[in-house]
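Here's the letter readout for the chains.
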Amino acid sequence: MSEAHQIDGHHGHDAHGHHEPTFLEKYIFPLDHKYIGMQYMLTGMVMALFGGFFAYSFRMQLAFPGISVPGFGIVSPTEYNALVTNHGSVMIFWVAMPVLIAAFGNFLIPLMIGADDMVFPKLNRLSYQVFLLSCIVLGISWIVPGGGFGGAWTSYPPLSANGDYSMTPLGSSLWLTAVALEFAAFLIGGINFITTAMNSRAPGMKAKDVPMTVWMICIASIMFMASVGPLIAGAIMLLFDQQLGTGFFDWKRGSDPVLWQHLFWFFGHPEVYVVLLPATGFVAEIITVFARKKLFGYQTILYTAIGTGALSFFVWAHHQFVAGIDPRMANIFTITTVLISIPIAEMMFLYIATLYGGSIRFQTPMLWALGFIFEFLIGGVTGIFLGASGADIYFHDTYFVVAHFHYTFFPIAFIGTFAAATYWFPKMFGRMMNETLGRIHFWGTIIPVNFIFIPLFITGAAGQHRRIYNYNHFPDVSTPDLQTLNIVATVSLVILLCFQTVFLFNFFWSMWRGPKAPANPWKANTLEWQAPSPPPHGNFPPDNMPVVYRGPYEYSVPGREDDYWPQNQPN
Amino acid sequence: MGATMSGSGSRRESPDLRVVHPPPQARRKAVPNEVLGMMMFILTELMLFSGFISAFTISKAQAPAWPPPGQPRLPVEATAINTAILLASGAMLWYAGRRFDKVGPAAARVPLATAVALGLGFVTFQGVEWARLLGEGLTMVGSTYGAFFFLIIGFHGLHVMAGATALIWQGTSLWREKLTSDGFWAGRLFWYFVVLVWPALYWKVYL
Amino acid sequence: MIVWLLIAADALACATCQDPDPRRSAIYLDMTVFMSLTPLIAFAGGGLWIWQRTRAIR
Ligand code: HEM
Ligand SMILES: [Cu+2]
């Protein structure tokens, strides 16, 4: 490629000066999107350890009420509530979001579209710093007097609005502040993602040549930005209620008791698709590479994602079927909820169709991708049960709901992450992960997961209520004869957590000791694999930026020697 | 860059694998980075204010009487004048943008300064009204009515101040002849947003 | 079954919900529509504008 047709669409910014960055500049305050992505990823992993530990502590209490949990001690009712609340918040806001969107978004978007960096590198760095601050504030909220916030991740008033009810006057405000900061971080990040994907694509990369992952992360970012406003508004009002004593959510002073729930779920439901879409993007990437087939129905998948995105703004009240909303409204929301499962199911079927007739290689990333489809389908199908408002009146706030959303969130936040991490690891660190350990970890995770959550479907359907510290005190919402199932779930959780050490070991060991990875170990088409592993600062040689000639999924094209066809190869 | 090789439209159909395709053209941006980023930010801001407004509308619908008896009335007429001031500021800034792009950066100085001055006038006016209302006993804690008033109008006031600060900052770079056309465009967009949500807030909260 | 449950929503609702306050319901419906459509319209508007500009520079 000659000088003539390189960058122009590519910005030049001062971050690409020619001096060698110092350690501080490179690892602590980096401007390079790859390092920011890794910072997000490592922070997310640390937060995941917290989230997992919390789950372990309260699940032990549920299975063996009153015991002194090894590593935690006796779980008091307040602590139980704080554990449940912070488990949920951490896993959604500080694990799924930063890892799926921020970490992989930062790392992958510029590489996949053939750019040298994000368009606003300084905003990018700011985004991570705000995020880190939010983690610190959250951590502080756990140790202040009164303990961490215990009003559930949904934080419904009046419990959350009034320190006398929640008994955590400081913890609840810090929690809320942390959530608000985290939103600010993703807002900044999202602006960057979308602008970069719009304006910095390699010459020749048209809309249909953009890899699915980039599309999905961008759609997710747009959804996030369009839905988060009302929740920020609500959070500010709630903070005022907590700290100034205003009455925005105080029904005693004439405010609407379910107003917060609307503001929260207006964001909350799009949010679940915000984390879902990036994961489906990774899966799309992986199944095409490991089935050596073209992605089936690229455009349809794109439209289903956009359709889901649009519809997800119309379904939020399905979380409030029993909150006292008008039954006619409940009917409307039932219909929209059932409608939204159509595009998502369609997407899953297209993925399965992609596999059909492919020459599938069962390597670790592929196992995870297949695991994702399988587990997520269970989650989606049970969502339809809950979406039917009549059924939900019974199911609401039982363990059935818990099992439902874990069957969606676990595939997304963990299976999706493991798929992506094992797939892009060679690119991130320039080394290969160990395949055997990868498989051990896969089976050691996927089997316990089902043994955790299938029992919860059963106890939930039998009427066991969620968010209860000790069922002996509430016999009418418990299922004492099903206590064995609770024990099964807890024991499986412990097994699952133990198997994660395999991943951590594999990850960090391979990072330094794994065999060196070639630039394109999986023989994939997308541009990130055409850069060296790990990509240098600026990703591609500045005088030889990639130029795109075709779509990202041209595998096994008849008549070609290789079964893959990189996007930047002229022929 | 060969304008004749417009894009690479035919590459998908070409069945001959040996054909060496001409390299595609470099990308031209439909919308500058700063402007696109600002548009996304404004989308969030728009939803933030929508959230406030719908919360307000719902709470208002719950109340038996609005404004609650015994609470001070809001200054409807005075604020109408103030609304005009803010709109004038927006128009001035639009004019500044036109001058910047059509005539040259120096020509934008006076209208930009006027726009900022009008904006600051708006906030000052609001501040005076606030002081009066507080004196009459309208507080955030006293009633939801007061709480929403200070919340929404206060939030908008913060936006005006932030926008004015941004414009002043842009003004200094304009004077030093460093302001880019795209950067100015993004700055103006934010101000347009601040100016244009105001009538909606005024309509909902005051009237 | 799902269809049956759909229809049953009103019947299964508790007494308070079955007797909704029409004014409040109407406001909620308005706000629901407003909140759902605003982002879509804003996004569609912005998207259309960008699309036109993209076509113009080609
Ligand atoms: C196929 C589409 C889906 C449908 C029809 C659906 C339906 C529902 C319904 C009706 C509820 C409310 C249950 C109740 O509280 O009584 C619910 C809860 C929930 N769903 Fe889904 N869902 C779907 C997909 C998802 C996805 C993809 C995720 C996550 C990524 C998710 C995460 C959640 C969460 C976190 C809750 C519980 C929130 C809480 O109360 O704490 N759902 N779902
Ligand atoms: Cu939902």
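What you see is a predicted model, and the numbers here were worked out from it, not measured in a lab. (Residues numbered from 1 in each chain as written. Chains lettered and ligands numbered in written order. Predicted model: local features only at pLDDT ≥ 70, side-chain atom pairs only at ≥ 80, totals over all residues. Heavy atoms only, no water.)

### Digging into the overall build of chain A
Regarding its fold elements, chain A presents 15 helices and two strands. For chain A, whose C-alpha radius of gyration is 24 Å, the value lies close to the compact-globule estimate of 25 Å for 571 residues. A principal-axis box enclosing the C-alpha atoms of chain A has dimensions of 75 × 50 × 50 Å. Relative to its 571 residues, chain A shows a buried fraction of 65%. For chain A, contacts bridging at least 24 residues in sequence account for 81% of all contacts bridging at least 6. A total of about 19,300 Å² of accessible surface is found on chain A, and carbon and sulfur atoms cover 70% of it. Treating the 25 positive side-chain charges of chain A as one cloud and the 31 negative ones as another, the clouds have centres 7 Å apart. (Helix = DSSP H or I, 4+ residues; strand = E, 2+ residues; numbered from the N terminus. Rg over C-alpha atoms; globule rule 2.2 N^0.38 Å. Buried < 20%, exposed > 50% of the residue type's maximum accessible area, 1.4 Å probe, protein only. Contact = heavy atoms within 4.5 Å. Areas by Shrake-Rupley, 256 points an atom, 1.4 Å probe, with all protein chains shown as cover. Lys, Arg positive; Asp, Glu negative; His and termini not counted. Charge placed at Lys NZ, Arg CZ, Asp CG, Glu CD.)

### A look at the coordination of the iron atom of ligand 1
All names here are of chain A. Just one protein ligand coordinates the iron atom of ligand 1, and it is His404 (NE2) at 2.2 Å. A separation of 4.5 Å is found between the iron atom of ligand 1 and the copper ion (ligand 2). With respect to the helices, strands and loops of the structure, His404 is situated in helix H13 (residues 399-429). (Donors = N, O, S within 2.8 Å, 3.2 Å for Na, K, Ca; no water.)

### So, the interface of chain A and chain B
Listed by partner, the interface residues are 55 residues for chain A and 41 residues for chain B. Here chain A meets chain B over a buried area of about 4,000 Å², counting both sides, of which 67% is carbon and sulfur. When the buried area of chain A at its contact with chain B is split by residue, Asn199, Phe248 and Tyr549 of chain A rank highest and sum to 14% of it. At the surface where chain A touches chain B, the tally comes to zero salt bridges. Elements with a minimum of two residues in the side of chain A that touches chain B: helix H6 (169-199), helix H7 (212-243) and helix H8 (259-291) of chain A. Here the element with the most residues in the side of chain A that touches chain B is H7 of chain A; it accounts for 11 residues. Taken together, the residues that form the side of chain A that touches chain B break down as 31 nonpolar, 15 polar and nine charged. (Buried area = accessible area lost by both parts, 1.4 Å probe. Salt bridge = Lys/Arg side-chain N within 4 Å of Asp/Glu carboxyl O. Nonpolar A, V, L, I, M, F, W, Y, C, P; charged D, E, K, R; others polar.)

### Details of unusual backbone geometry
Residue and element names in this part refer to chain A. Pro157 connects to Pro158 through a cis peptide bond whose omega is 5°. Here Pro158 is to be found in the loop between helix H4 (121-143) and helix H5 (163-166). Between Ser533 and Pro534 the backbone carries a cis peptide bond, its omega angle lying at -15°. By secondary structure assignment, the location of Pro534 is in the segment after helix H15 (483-513). Despite not being glycine, Asp397 has its phi angle at roughly 60°, a positive value. With respect to the helices, strands and loops of the structure, Asp397 is situated in the loop between helix H12 (389-395) and H13. Asp397 gets classed as buried once you look at its relative accessible area, which sits at 18%. Even without glycine at this site, Lys523 takes up a positive phi of about 55°. A relative accessible area of 38% means that Lys523 is categorised as partly exposed.

### Observations regarding the coordination of the copper ion (ligand 2)
Within the protein, His269 of chain A (ND1), His318 of chain A (NE2) and His319 of chain A (NE2) serve as the donor atoms for the copper ion (ligand 2), at 1.8 to 2.0 Å. Read from N- to C-terminus, the donor residues coordinating the copper ion (ligand 2) fall into the pattern H-x48-H-H.

### Some points on helix H3 (residues 109-135) of chain B
Residue and element names in this part refer to chain B. Here H3 is 27 residues long and its end C-alpha atoms lie 39 Å apart, about the 39 Å a rise of 1.5 Å per residue gives. Those residues of H3 not exposed but buried are Pro111, Leu112, Ala115, Val116, Gly119, Phe122, Val123, Gln126, Glu129 and Leu133. Looking at the residues trailing H3, positive phi occurs at Gly137, about 100°. (Expected span 1.5 Å × (residues − 1).)

### Some details on the site of ligand 1
Residues and elements named next belong to chain A. In the vicinity of ligand 1 there are 24 residues, among which Trp153, Asp392, His396, His404 and Phe405 approach most closely. Residue Trp153 places a side-chain N or O atom 2.9 Å away from an oxygen atom belonging to ligand 1. Side-chain polar atom of His404 to a nitrogen atom of ligand 1: 2.8 Å apart, as the coordinates give it. Looking at the shell around ligand 1, the elements with two or more residues in it are H8, helix H10 (327-355), helix H11 (364-387) and H13. Of the residues assigned to the shell around ligand 1, the class counts are 11 nonpolar, 10 polar and three charged. (Near = heavy atom within 4 Å. Polar contact = N/O pair within 3.5 Å; in protein donor to acceptor, adjacent residues only side chain to side chain.)

### Some thoughts on the interface of chain C and chain B
With 16 residues of chain C at the interface, the matching set in chain B holds 19 residues. Both sides of the chain C and chain B interface together cover about 1,600 Å² of buried area, and 78% of this is carbon and sulfur. At the boundary of chain C with chain B, the tally comes to zero salt bridges. For the pair chain C and chain B, the number of links is two residue pairs in polar contact (both at pLDDT 80 or more). Classifying every residue of the side of chain C that touches chain B by side-chain character gives 10 nonpolar, three polar and three charged.

### Observations regarding the pattern of salt bridges
Residues and elements named next belong to chain A. Tallied over the entire structure, the rule returns 11 salt bridges over all chains. The partner of Asp563 in a salt bridge is Arg361, with the nearest N and O atoms 3.9 Å apart. Taken as a pair, Asp563 in the segment after H15 and Arg361 in the loop between H10 and H11 lie far apart in primary sequence, 202 residues in all.

### Remarks on the confidence of the model for chain C
Residue and element names in this part refer to chain C. The pLDDT averaged across chain C works out to 77; a share of 66% of its residues lies at or above 70. Averaged pLDDT values over the elements of chain C bottom out at 52 in helix H1 (residues 2-12) and peak at 89 in helix H3 (residues 22-57). We note a pTM of 0.90 for the whole complex and an ipTM of 0.90 for its interfaces. (pLDDT = per-residue confidence, 0-100.)

### Overview of the environment of Phe72 of chain A
All names here are of chain A. As for its position among the elements, Phe72 is in the loop between strand S1 (68-69) and strand S2 (73-74). Looking at Phe72, the relative accessible area reads 27%, which means it is partly exposed. Between the C-alpha atom of Phe72 and that of Asn571, which follows or precedes it by 499 residues, the distance is 61 Å. Filtering out sequence-adjacent residues up to four positions away, Phe72 remains in contact with Phe53, Ser57, Glu79 and Leu83.

### Thoughts on the packing of helix H1 (residues 33-62) of chain B against H3 of chain C
Where H1 of chain B meets H3 of chain C, the closest approach of the two axes is 10 Å, and the angle between their N-to-C directions is 170°. Between H1 of chain B and H3 of chain C, the interaxial angle falls into the category roughly antiparallel. Of the residues contributing to the contact of H1 of chain B with H3 of chain C, the split by class is 17 nonpolar, seven polar and two charged. (Axes fitted to C-alpha atoms, helices over the stretch in contact; angles between N-to-C directions. Parallel < 35°, antiparallel > 145°, perpendicular 65-115°, else oblique.)

### Topic: the packing of H8 of chain A against H10 of chain A
Residues and elements named next belong to chain A. Contact geometry for H8 and H10: axes closest at 9 Å, N-to-C directions at 10°. Taken together, the axis directions place H8 and H10 in an arrangement best described as roughly parallel. In this structure, H8 uses His262, His269, Tyr273, Leu276, Leu277, Thr280, Gly281, Val283, Ala284, Ile287, Thr288 and Ala291 to contact H10, whose residues at the interface are Met329, Ile340, Ile344, Met347, Met348, Tyr351, Thr354 and Leu355. Split into classes, the residues belonging to the contact of H8 with H10 amount to 14 nonpolar, six polar and no charged.

### Observations concerning the environment of Ser54 of chain B
Looking at where Ser54 of chain B falls in the secondary structure, it is placed in helix H1. Among the residues examined, Ser54 of chain B registers a relative accessible area of 4% and is labelled buried. Ser54 of chain B sits 150 residues away from Lys204 of chain B along the chain, and the two C-alpha atoms are 9.8 Å apart. Look past the residues within four positions of Ser54 of chain B in its chain and what remains in contact with it is Met31, Phe34 and Met35 of chain C.

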